[in-house]
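A closer look at the structure
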Amino acid sequence: MYNFEYHQAKSVADAASLLSSKPEAKLMAGGMTLLPTLKQRLAKPSDVIDLGRIADLKGIKRDGNAIVIGAMTRHYDVATSDVVKGAIPALAELASHIGDPAVRNRGTIGGSIANNDPAADYPSGVVALNATIITNKRRIAADDFFKGLFDTALEPSEVITAVSFPIPEKAAYMKFPNPASRYAIVGVFVAKTGAAVRVGVTGAAASAFRQTDMEAALSKSFTPDAIKSVVQKQDGLNSDIHASAEYRAHLVGVMARRAVAAAG
């Protein structure tokens, strides 16, 4: 681990100020990705800004027809929240299968979304539920947030404060997990609100994406059979020791049909 200066931010404004004044600084939420990369000397920030003591970034509430989750809310809290389970049970189910108990008790929703690991679970839910990412500067639509491998629309001094999830009529998440890490080799989140259907895919490519062909078919008939003939293209999909692009393309269809069946 390289030397760095440690800061315990007192507020969101304090964290943003530190980020602005120290261009090589990194924010730390749960530390589930940052700490291992620091230990392996894969990252060399000048400063680490810990968000753990900012109470305003924690909590879950219902706001009209949406569930708003603070950025520093742990996966465990989302998974066990009566508010989430009552409004968007699929989101609670997603959180309950992230990593292992140690990860769920330390990792945070804001940290996961800001990191944008290609195999993370939350991005598919953010995309499928058409969530809004709220920062200290603005509100960012899900379709505009995830840009690519570990890349988002966040600006250098921008801090995620909360995520607002519209409550769908039906939703479900299904994933094919890596047996060791529990990361998604492929995960598909399906959400239906009125006539509109959104399908978010994670694990298959460099970043979460919408499967628009499936969305069109499911908007006409929300049944697994409606997407049985929809073929996920292999172009641009990940191919590694865990699964080939061909296999991931196949899994997108399998997980999507399972999610529709679970939601319906």
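Up top is the structure these notes are about.
As the structure is a computational prediction, the values presented were derived from the model and not from experiment. (Residues numbered from 1 in each chain as written. Predicted model: local features only at pLDDT ≥ 70, side-chain atom pairs only at ≥ 80, totals over all residues. Heavy atoms only, no water.)

On a plain count of helices and strands, the protein chain comes out with 11 helices and 14 strands. What you see for the protein chain is a C-alpha radius of gyration of 18 Å, in line with the 18 Å of a compact globule of 264 residues. Each principal axis of the C-alpha distribution contributes one length, and for the protein chain these read about 55 × 45 × 30 Å. Going through the 264 residues of the protein chain one by one, you find that 52% of them count as buried. Partitioning the intrachain contacts of the protein chain with sequence separation of at least 6 by distance along the chain shows that 57% fall at a separation of at least 24. Summed over all atoms, the accessible surface of the protein chain reaches about 12,300 Å², with 50% contributed by carbon and sulfur. Taken together, the 30 basic and 25 acidic charged side chains of the protein chain have centroids lying 3 Å from each other. (Helix = DSSP H or I, 4+ residues; strand = E, 2+ residues; numbered from the N terminus. Rg over C-alpha atoms; globule rule 2.2 N^0.38 Å. Buried < 20%, exposed > 50% of the residue type's maximum accessible area, 1.4 Å probe, protein only. Contact = heavy atoms within 4.5 Å. Areas by Shrake-Rupley, 256 points an atom, 1.4 Å probe, with all protein chains shown as cover. Lys, Arg positive; Asp, Glu negative; His and termini not counted. Charge placed at Lys NZ, Arg CZ, Asp CG, Glu CD.)

With that settled, consider the pairing of strand β11 (residues 170-177). Taken together, the 8 bridges between β11 and strand β12 (residues 184-193) define a ladder with antiparallel strand orientation. Opposite Ala 171, over in β12, you have Ala 191 as the bridge partner. Connecting the antiparallel pair β11 and β12 is a turn made up of 6 residues, with Arg 182 showing a positive phi of about 70°. (Pairing = 2+ DSSP bridges.)

Turning our eyes to something else, we now look at the sheet that holds β11. On the basis of which strands lie adjacent, the open sheet formed by 4 strands has the order β11-β12-β13-β14 and antiparallel pairing. The open sheet terminates on both sides in strands that have one partner only, identified here as β11 and β14 (209-210). Two elements, strand β13 (residues 196-202) and β14, share 2 bridges in a ladder whose sense is antiparallel. Across the sheet, residue Val 201 finds its bridge partner in β14, namely Phe 209. In this fold helix α5 (residues 89-96) packs onto β11 and β12, with an angle of close to 20° to the strand it touches most, β11. (Axes fitted to C-alpha atoms, helices over the stretch in contact; angles between N-to-C directions.)

Positive phi values are uncommon outside glycine, yet Asn 130 reaches one of about 55°. Along the chain, Asn 130 falls in the loop between α8 (122-128) and β6 (132-135). A positive phi angle, close to 70°, is found at Arg 182, a residue other than glycine. As for its placement among the helices and strands, Arg 182 is situated in the loop between β11 and β12.

Moving on: the environment of Leu 94. Within the secondary structure, Leu 94 sits in helix α5. With relative accessibility at 0%, the residue Leu 94 sits in the buried group. Separated by 95 residues in the primary sequence, Leu 94 and Phe 189 place their C-alpha atoms 8.9 Å from one another. Apart from the residues lying within four places of it in its own chain, the contact partners of Leu 94 are Asp 121, Tyr 122, Ser 124, Gly 125, Tyr 173 and Phe 189.

Bear in mind that shape data such as this cannot, by itself, settle questions of function.
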